[in-house]
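For reference, the chains in residue letters:
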Amino acid sequence: MAQDSVDFSSHYQFWMQKLSVWEHASTSETQQDTCLHLPRFQEFLRQMYEVLKELNSSTIIERFPTIGQLLAKTCWNPFILAFDESQKILIWCLCCLINKEPQNSEESKLNSWTRGLLSQILSAFRFDTKEVELFIQSLGYTPEDYCPGLLKNMVLSLASELRENHLNGFNTQRRMVPEKIRFLSRICIPLVTLPDIEPLVEALLTYHGHETQEVLWPEFFDAVNEAFLLKKISLPTSAVVCLWLRHLPSLEKATLHLFEKLISSERNFLRRIEYFLKDSLLPEAACHPAIFRIVDEMFRYVLLETDGAPEVLAAIQVFTQCFVEALEKKNKQLKFTLKTYFPYASPSLVMVLLQHPKEIPQELWLQTLKHISEMLREIVEDQTHRSYGGPFECWFLFIHFGVWADIAAEQLVMSETESSEALLWLLAFSYNPRDGSLQRAKIMVELKAALIHLKKLFRSPTLSAKDLQAVAAESPDRDPRPALCQQLSRRLLLNFLLWAPGGHAIAWEVITLEETSGSGGGEISPAQSSCFSLLLLLALFLDHNNSQVAPTDEITHEIIGFLDQTLYRWDHLCEEAPRSRKLARELLAELHASSTSPLNVGRGCRDQDP
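Scoring rules and cut-offs
Throughout this document, residue positions are counted from 1 along each chain, in the order its sequence is written. Residue-level local features of this predicted model are given only where pLDDT is at least 70; pairs of side-chain atoms are given and counted only at 80 or more, and the full residue set underlies all totals for whole chains, interfaces and linings. Side-chain metrics rest on all non-hydrogen atoms present in the structure, leaving aside hydrogens and water. The helix count covers DSSP runs of H or I at least four residues long, the strand count covers runs of E at least two residues long, and both are numbered beginning at the N terminus. The rule is simple: take the accessible area with a 1.4 Å probe, protein chains only, and divide by the maximum for that residue type; under 20% is buried, over 50% is exposed, in between is partly exposed. The contact definition used throughout considers only heavy atoms, calling two residues in contact when any of these lie within 4.5 Å. Fitting a line to C-alpha atoms yields each axis, with helices limited to the stretch in contact; the angle taken between N-to-C directions then spans 0 to 180 degrees. Between 65 and 115 degrees an angle is taken as roughly perpendicular, under 35 as roughly parallel, over 145 as roughly antiparallel, and anywhere else as oblique. Any residue that is not Ala, Val, Leu, Ile, Met, Phe, Trp, Tyr, Cys, Pro, Asp, Glu, Lys or Arg is counted as polar, Gly included; the first ten are nonpolar and the last four charged. Confidence scores labelled pLDDT are given residue by residue by the predictor and lie between 0 and 100. We call a set of buried Ala, Val, Leu, Ile, Met, Phe, Trp, Tyr and Cys residues a nonpolar core when their side-chain atoms join them within 4.5 Å. Any two of the Phe, Tyr and Trp rings considered here, Trp counted by its six-membered ring, make a pair once their centres fall within 6.5 Å; the pair's planes then place it as stacked at under 30 degrees, edge-to-face at over 60, or tilted in between. Counting as a charge over the ring demands two things of the Lys NZ or Arg CZ atom: a distance within 6 Å of the ring centre and an angle within 35 degrees of the ring normal. Take the number of residues in a helix, subtract one, and multiply by 1.5 Å to get its expected span. Each reported salt bridge corresponds to a side-chain nitrogen of Lys or Arg within 4 Å of a carboxyl oxygen of Asp or Glu. Grid spacing is 1 Å over the protein atoms alone, the probe is 1.4 Å, and a cavity is where that probe fits but cannot get out, while a pocket is an open set with protein on both sides within 12 Å along at least five of seven lines and lining residues have an atom within 4 Å of a point. Grid points are joined across faces, edges and corners, and a volume is the space filled by probe spheres set on the points. We call a pair of cysteine sulfur atoms a disulfide whenever their separation is within 2.5 Å. Along the arc lie the directions from the helix axis toward the C-beta atoms.

## Some thoughts on the overall build of the protein
For the protein, the count of helices and strands is 31 helices and zero strands. The 610 residues of the protein split such that 50% are buried. For the protein, the proportion of contacts with a sequence separation of at least 24, taken over those separated by at least 6, is 71%.

## Brief notes about the packing of helix H23 (residues 403-414) against helix H30 (residues 553-573)
The N-to-C vectors of H23 and H30 enclose an angle of 100°; their axes lie 11 Å apart at closest approach. With respect to H30, the element H23 is oriented roughly perpendicular. Contact residues: Val403, Asp406, Ile407 and Glu410 in H23; Gln565, Arg569, Trp570 and Leu573 in H30. When the residues that make up the contact of H23 with H30 are grouped by side-chain class, the tally is four nonpolar, one polar and three charged.

## Details of the confidence of the model for the protein
For the protein, the mean per-residue pLDDT works out to 78, and 74% of the residues sit at or above 70. Helix H16 (residues 282-285) holds the highest mean pLDDT among the elements of the protein, 96, whereas helix H29 (residues 526-532) holds the lowest, 37. Confidence drops under pLDDT 50 across residues 598-610; counting only partners more than four residues distant or on other chains, this segment forms 30 contacts.

## Quick look at the nonpolar core
Ranked by internal contacts, the top residues of the largest apolar core, which has 160 residues, are Phe220, Trp244 and Trp404. Here this core gets eleven residues from one element, more than from any other, and that element is helix H18 (residues 310-330). Contact partners of tryptophan 404, with chain neighbours within four places excluded, come to Val352, Leu353, Gln355, Pro357, Ile360, Thr368, Leu369, Ile372 and Phe398. Residues Phe269, Leu498, Ala577 and Leu583 belong to the second largest nonpolar core, which totals 16 residues.

## Some words on the packing of aromatic side chains
According to the stated counting rule, one finds 23 aromatic pairs in the structure shown. With a centroid separation of 5.3 Å and an interplanar angle of 45°, the aromatic rings of phenylalanine 299 and phenylalanine 319 are classed as tilted. Of this pair, phenylalanine 299 sits in helix H17 (residues 289-305) while phenylalanine 319 sits in helix H18, and the two are 20 residues apart along the sequence. Phenylalanine 319 matches phenylalanine 299 in its accessibility class, with the two residues each being buried. Among the aromatic side chains, those forming a connected cluster through ring pairs are Phe259, Phe292, Phe299, Phe319, Phe323, Tyr341, Phe342 and Phe401. Sitting over the ring of tryptophan 217, arginine 182 keeps its end group 4.4 Å from the ring centre.

## Remarks on H30
Helix length check: H30, at 21 residues, gives a terminal C-alpha distance of 30 Å against a target of 30 Å (1.5 Å per residue), a fit within 8%. The buried fraction of H30 amounts to 16 of the 21 residues, a majority that puts the element mostly inside the structure. At the C-terminal side of H30, cysteine 574 shows a positive phi close to 55°.

## Digging into the pattern of salt bridges
Taken as a whole, this structure holds 19 salt bridges when the rule is applied. With a closest N to O distance of 3.1 Å, lysine 231 and aspartate 279 form a salt bridge. Of the two residues, lysine 231 sits in the loop between helix H12 (218-229) and helix H13 (237-246) while aspartate 279 sits in helix H15 (residues 270-280), which places them 48 residues apart along the sequence. Taking relative accessible area as the criterion, lysine 231 reaches 44% and is therefore assigned partly exposed. Via salt bridges that share partners, Lys231, Lys261 and Asp279 belong to a single interconnected network.

## Comments concerning empty space enclosed by the protein
As enumerated under the stated definition, the model contains four cavities of 30 Å³ or more in all. Taken as a whole, the largest cavity encloses approximately 140 Å³ of empty space. What lines the largest cavity is a set of 14 residues, and nearest its centre among them are Asp296, Arg300, Phe342, Tyr344 and Glu393. Those elements that place two or more of their residues in the lining of the largest cavity are H17 and helix H22 (391-400).

## With respect to the state of the cysteines
The bond known as a disulfide is covalent and runs between the sulfur atoms of two cysteines. Overall, the coordinates contain zero disulfides when judged by the stated rule. The thiol of cysteine 96 is unpaired, and the distance to the nearest cysteine sulfur, on cysteine 93, comes to 6.2 Å. Cysteine 96 sits in the buried class, given a relative accessible area of 15%.

## With respect to helix H10 (residues 178-188)
All of the buried residues in H10 are Ile181, Leu184, Ser185 and Cys188. Taken down its axis, H10 places every buried residue within 95° of arc, on the same side. Among the exposed residues of H10, those pointing more than 90 degrees away from its buried face are Glu179 and Phe183.

## As for the environment of alanine 254
Relative to the assigned elements, alanine 254 resides in helix H14 (residues 248-264). Exposure remark for alanine 254: the relative accessible area of 3% places this residue in the buried category. Along the backbone, alanine 254 and tryptophan 244 are ten residues apart, and their C-alpha atoms lie at a distance of 8.7 Å. Beyond its immediate stretch of four places on either side in the chain, alanine 254 contacts Asn225, Leu229, Trp244 and Leu282.

## Brief notes about the environment of asparagine 104
By secondary structure assignment, the location of asparagine 104 is in the loop between helix H6 (84-97) and helix H7 (105-123). Judged by its relative accessible area of 37%, asparagine 104 falls in the partly exposed class.

## Details of unusual backbone geometry
The phi angle at leucine 281 is positive, at roughly 70°, despite the residue not being glycine. Non-glycine residue cysteine 574 carries a positive phi angle of around 55°. Among the structural elements, cysteine 574 can be located in the loop between H30 and helix H31 (578-595).

## So, the environment of proline 78
Tracing the backbone through its elements, the reader meets proline 78 in helix H5 (residues 78-81). Separated by 43 residues in sequence, proline 78 and isoleucine 121 place their C-alpha atoms 9.7 Å apart.

## Brief notes about the side chain of glutamate 198
Following the sequence through the fold, glutamate 198 ends up in helix H11 (residues 198-206). Setting aside residues no more than four positions away along its own chain, glutamate 198 makes contact with Lys100, Ile233 and Ser234.

The following block contains the structure:
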């Protein structure tokens, strides 16, 4: 690109002078000179486009103030326009001058002037110039008004013809031939970002002929998809769905574009993930099973590549939630069976998981959770259900509806239920589907012991941090608890802190300690440093005398994710829990503050609010 810029600048004045000479002389010698230099001029046009496409319209005018004159002289030279290749490159260059969102009158004038030149190119050889002028005058229009109007009418006429084309069926006398449709798609490639061309682009995308092979140019799909992803073109959802159904690389690129957004941003919270997803139109387009299956497979691949990263799990959960909302809006009665979306899953299990907790009375949540756990356990541990895939397929389906696992952890702490066995199994399975039944049973025994102790403390009028330490105190002669067991125990403890009155008091004590220590200006002990990250309480799950009591970035992120996910779920379920909600917001704010404090510099905790 740098070499193109140098060559373009060095030849710019030469070709400006040549165009001026060609413009003011119509002798045979001038015409011969034009034809002689035409191949070199076409190469100059290509270099010009390579330079202009990297710049916005304002920068182009600033760096090349006379470029409008150069392009205008080129557009009015019939010898140059007689070559299709010159027309195409010239159209590309003019499109670079179009400002999609003009900020002032000068930019609007430039857009109008540029569209006039485009109209001149498109209509240059339809009529003799004198005939066109006489025709315009007879209609009472000026050339400035006529050219944009002509372009608009041409576009609307072609779009209308395309829409009517498939209605004519096999009536070949009235149908537009495939060659013409293919030619139209090729002509539109450099024009897709022009607002005046959008009706024709939409009509081409939604055109359904009777051809056995795709008639539109692949480059047309690429150009439209890129313009859509970069917000340079506005298309209705129906046209975008047609684009992705007809051109698989465009759908894959759109999904990868979404992944790049999620990865490149600072730590993404669920509301931000939801915004990115809805803005991409992928959940709405996924109402078509073919699109859903492809996007879902790409999520599966990313999940496996990242070894089940929490951010990917959250994105899948929010994607599914947005998809189900779009499905309900689009189809009060399902157009496609659920089997087409989840072909490897038990239809009855899918039906249960699809029920939104908000639509079920809270007193029935335990019953639903128990039913989900029993169905999953039967499929995972019973060898007769291999038609529904192995443990991973069941787990991959379940994480789409991960809100039920979050509710299960909450219900385990809050409710006096006899279904704790089913809920503990569901929680253990949701965190690691690879464990066998024996290993999962051991984890359930550990969690049940901690849960029994938490329930006793839940009813206690007074509570201290030392009481919580006993919940998971490990005996010196026992092996350390598995990492999964510690993670699940943290999840139960966090729910306890949010819901138990005594847990509220301890959490507020941590916030008060942090505020007091932060304003005192004195030395901060390791124990107080743990409080700054709200991890002193969670470190109680390790041996208190162990050097591992220092909090880790991974656990900090885990807690931030839990609090954000909990607040997001409460908002969506319209759950009324003012004290718990306020506490969760305060704790989340303190974690944000501590992650950017001097204590954490060099430790990796640099996540900011989205």
